[in-house]
Amino acid sequence: MAKILFVMTGADFWTLADGTKHPTGFWAEEAAAPYEAFKGAGHQVVVATPGGVEPTVDRGSLAPGANGGQEGADRVAATLEAMTELREPVRLEDVELEDFDAVFYPGGHGPMEDLAVDPVSGALLVEALDSGKPLGVVCHAPAALLAAVRPDGTPAFAGYRLTGFTNAEETQAGLADKAKWLLQDRLVEIGTDFRETDPWAPYVVTDRNLITGQNPASSAPLAQEMLKRLS
C-alpha cells in the first residue's frame, strides 16, 4: 500500500484583475476521480492544505453540466461526502515528504490564489521533483509550480514538458479577460515546454517523474498513470 499526499488549495476565492473575489476552491472531479482510483487500488490518501484549513469545493464543479449529467454529479458528490480526509487535513507546513510515496495536486481556480505564491508548497514541489517519486499535477494546479524555485532563484520546472489549463479553455470558460494572469502564459514564461490538445479533451503529459493533466477530464487518466508507477 502506498501513501499518497493530496496537496489542496485552502483558498475559497480567486482575485480577478478588477479586485473582485470570484468564488472558487478545488474542482470536484479533480479530487474525486483520482481519490476513487487510488483508494480502489488499496492506497492511503492524506490531504494537506496551507494552515490545515478545510478545503472548499467550487460549487460550480458539482453541477450536472460539469459532470456529464446528473448521474455523474451525484457520483462526484457522493465521493466527496465519503472522502473524510477532506475534513481532516494536515498542515502543509508539517508535511515530511519522506512519509509519502507520491504527491498529487488537484486543481480548481483556488491554486491560482494561494499555491501559486506559497513558498512551503514550492519547496515541497522541488523536493518531490528531485526525489523521483511520482508527482501528479492537474488543470489549474500547475500554478503551484510557479512557486517552486531553487536556491539560486531558477524555476525548478524550467525545461520540463508539461500541460495545464490552457488559454483557450480559460477563454471558453469566460474568465480569461477577467484574470490578472493566465496559467499557460506564466508556465511558458518560467521556461517550461508547455503542451496542449483540443480544449476539454483528456490529455496527460509525462516527463521523468512529473505527470501533468490539462483539464478536469484529464484527472482520471493522470491517476492511472500514477498508479502504474506505484505498482
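Within any chain, residue numbers begin from 1 and follow the written order of that chain's sequence. In keeping with the model being predicted, local features are shown solely for residues with a pLDDT of at least 70 and side-chain atom pairs are shown and tallied solely at 80 or more, while totals for entire chains, interfaces and linings include all residues. With hydrogens and water set aside, each side-chain value is computed from the structure's full complement of heavy atoms.

Q: What is the right way to look at the nonpolar core in this model?
A: Nonpolar side chains tend to gather and get buried jointly when the protein is soluble and globular. In this structure, L5, F6, L80, Y105 and F157 are the most contacted members of the largest nonpolar core, which totals 71 residues. Where helices and strands are cited, they refer to DSSP runs of H or I of at least four residues and of E of at least two residues respectively, numbered from the N terminus. In terms of residue count, helix α1 (residues 28–40) provides more of this core than any other element does, six residues in total. A contact between two residues is defined here by any heavy atoms of the two lying within 4.5 Å. Setting aside chain neighbours within four positions, we find L5 in contact with V46, A48, V95, F100, A102, V103, F104 and L124. We define the nonpolar core as a collection of buried residues of types Ala, Val, Leu, Ile, Met, Phe, Trp, Tyr and Cys that are connected through side-chain atoms lying within 4.5 Å of one another. When accessible area is computed with a 1.4 Å probe and restricted to protein chains, residues below 20% of their type maximum are described as buried, those above 50% as exposed, and intermediate ones as partly exposed.

Q: Can you walk me through the packing of α1 against helix α7 (residues 219–230) in this structure?
A: Relative placement of two packed helices is described by the angle separating their axes and the distance separating the axes. Fitted lines through C-alpha atoms serve as axes, helices being fitted only where they are in contact, and the angles separating the N-to-C directions of these axes extend from 0 to 180 degrees. Two numbers describe how α1 lies on α7: the axes approach to 8 Å, and their chain directions differ by 35 degrees. Crossing handedness for the pair α1 and α7: right-handed. For the pair formed by α1 and α7, the contact residues are E29, E30, A33, P34, A37 and F38 on the first element and S219, A220, A223, Q224, M226 and L227 on the second. In the contact of α1 with α7, the residues fall into eight nonpolar, two polar and two charged. Crossing handedness follows the turn of the near helix against the far one: under a right angle anticlockwise gives a left-handed crossing, and clockwise gives a right-handed one. For this classification, Asp, Glu, Lys and Arg are treated as charged, while Ala, Val, Leu, Ile, Met, Phe, Trp, Tyr, Cys and Pro are nonpolar and the rest, including Gly, are polar.

Q: Is there a simple way to explain helix α4 (residues 119–131) in this structure?
A: Since the α-helix packs 3.6 residues into each turn, any two residues three or four apart lie on the same face. Here a helix's expected span is defined as the number of its residues, less one, multiplied by 1.5 Å. With 13 residues, α4 extends 18 Å from end C-alpha to end C-alpha; this agrees with the ideal 18 Å at 1.5 Å per step. The set of residues buried in α4 consists of S121, G122, L124, L125, V126, A128 and L129. In protein, a polar contact requires one atom able to donate a hydrogen and another able to accept it; more generally it is a pair of N or O atoms within 3.5 Å, and residues adjacent in sequence count only if both atoms are side-chain atoms. The backbone nitrogen of V120 lies 2.8 Å from a side-chain oxygen of the residue at the head of α4, namely D118. Where α4 terminates, the next one or two residues include G132, which has phi positive at roughly 85 degrees.

Q: I would appreciate a short explanation of the packing of aromatic side chains in the present structure.
A: What characterises a pair of aromatic rings is the spacing of the ring centres plus the angle enclosed by the ring planes. Pairing of aromatic rings covers Phe, Tyr and Trp, the last counted by its six-membered ring, and requires centre-to-centre distances within 6.5 Å; plane angles under 30 degrees mean stacked, over 60 mean edge-to-face, and any other angle means tilted. As enumerated under the stated definition, the model contains five aromatic pairs in all. Members of the aromatic cluster, each reached through a chain of ring pairs, are F6, F38 and F104. The ring centre of Y160 lies 3.7 Å from the NZ or CZ of R208, which sits over that ring. In this analysis the charged atom, NZ for Lys or CZ for Arg, is taken to sit over a ring once it is within 6 Å of the ring centre and within 35 degrees of the ring normal.

Q: Any chance you could explain the sheet that holds strand β5 (residues 90–91) here in plain terms?
A: In this description, strands pair whenever DSSP reports at least two bridges between them. Strand order across the open sheet formed by seven strands is β5-β4-β1-β6-β7-β11-β10, with mixed pairing between neighbours. Looking at the sheet topology across the chains shown, the edges are occupied by β5 and β10 (204–207). Relative to β5, strand β4 (residues 44–49) runs parallel, the two being bridged by two bridges. Pairing of T49 across the sheet is with R91, part of β5. The sheet contacts of α1 involve β1 (3–7), β4, β6 (102–105) and β7 (135–138), and relative to β1 the element is tilted by about 175 degrees.

Q: What exactly am I supposed to notice about the environment of K3 here?
A: Within the fold, K3 resides in strand β1. With 128 residues separating them along the chain, K3 and S131 place their C-alpha atoms 15 Å apart.

Q: I would appreciate a short explanation of the environment of P134 in the present structure.
A: Relative to the elements of secondary structure, P134 occurs in the loop between α4 and β7. Sequence separation between P134 and K228 is 94 residues, and the spatial gap between their C-alpha atoms is 9.8 Å. Residues contacting P134, with those up to four places away along its chain left out, are D101, A102, V103, N209, M226, R229 and L230.

Q: I'm lost on the packing of α1 against helix α2 (residues 70–82) in this one. Help?
A: For the pair α1 and α2, the least separation of the axes is 9 Å and the interaxial angle reads 70 degrees. When the axes of α1 and α2 are compared, the pair comes out roughly perpendicular. When α1 is examined against α2, the residues A28, E29, A32, Y35 and E36 are found in contact with a partner set consisting of R75, V76, T79, L80 and A82. A per-class count over the contact of α1 with α2 returns six nonpolar, one polar and three charged. In these notes the angle categories are as follows: under 35 degrees is roughly parallel, over 145 is roughly antiparallel, 65 to 115 is roughly perpendicular, and the rest is oblique.

Q: Where do I start with the pattern of salt bridges in this structure?
A: Opposite charge on two side chains allows them to pair when their charged atoms are near. Salt bridge, as used here, is a side-chain nitrogen of Lys or Arg placed within 4 Å of a carboxyl oxygen of Asp or Glu. Taken as a whole and judged by the stated rule, the model has 10 salt bridges. R150 serves as the salt-bridge partner of D130, at 2.8 Å between the closest nitrogen and oxygen. With a gap of 20 residues between them, D130 in helix α4 and R150 in the loop between β7 and β8 (161–162) connect regions that are remote in the sequence. The shortest N-O distance in the salt bridge between K228 and E225 comes to 3.4 Å. Within this pair, K228 and its partner E225 are both found in helix α7, separated by three residues, close to a single helical turn. A relative accessible area of 57% means that K228 is categorised as exposed.

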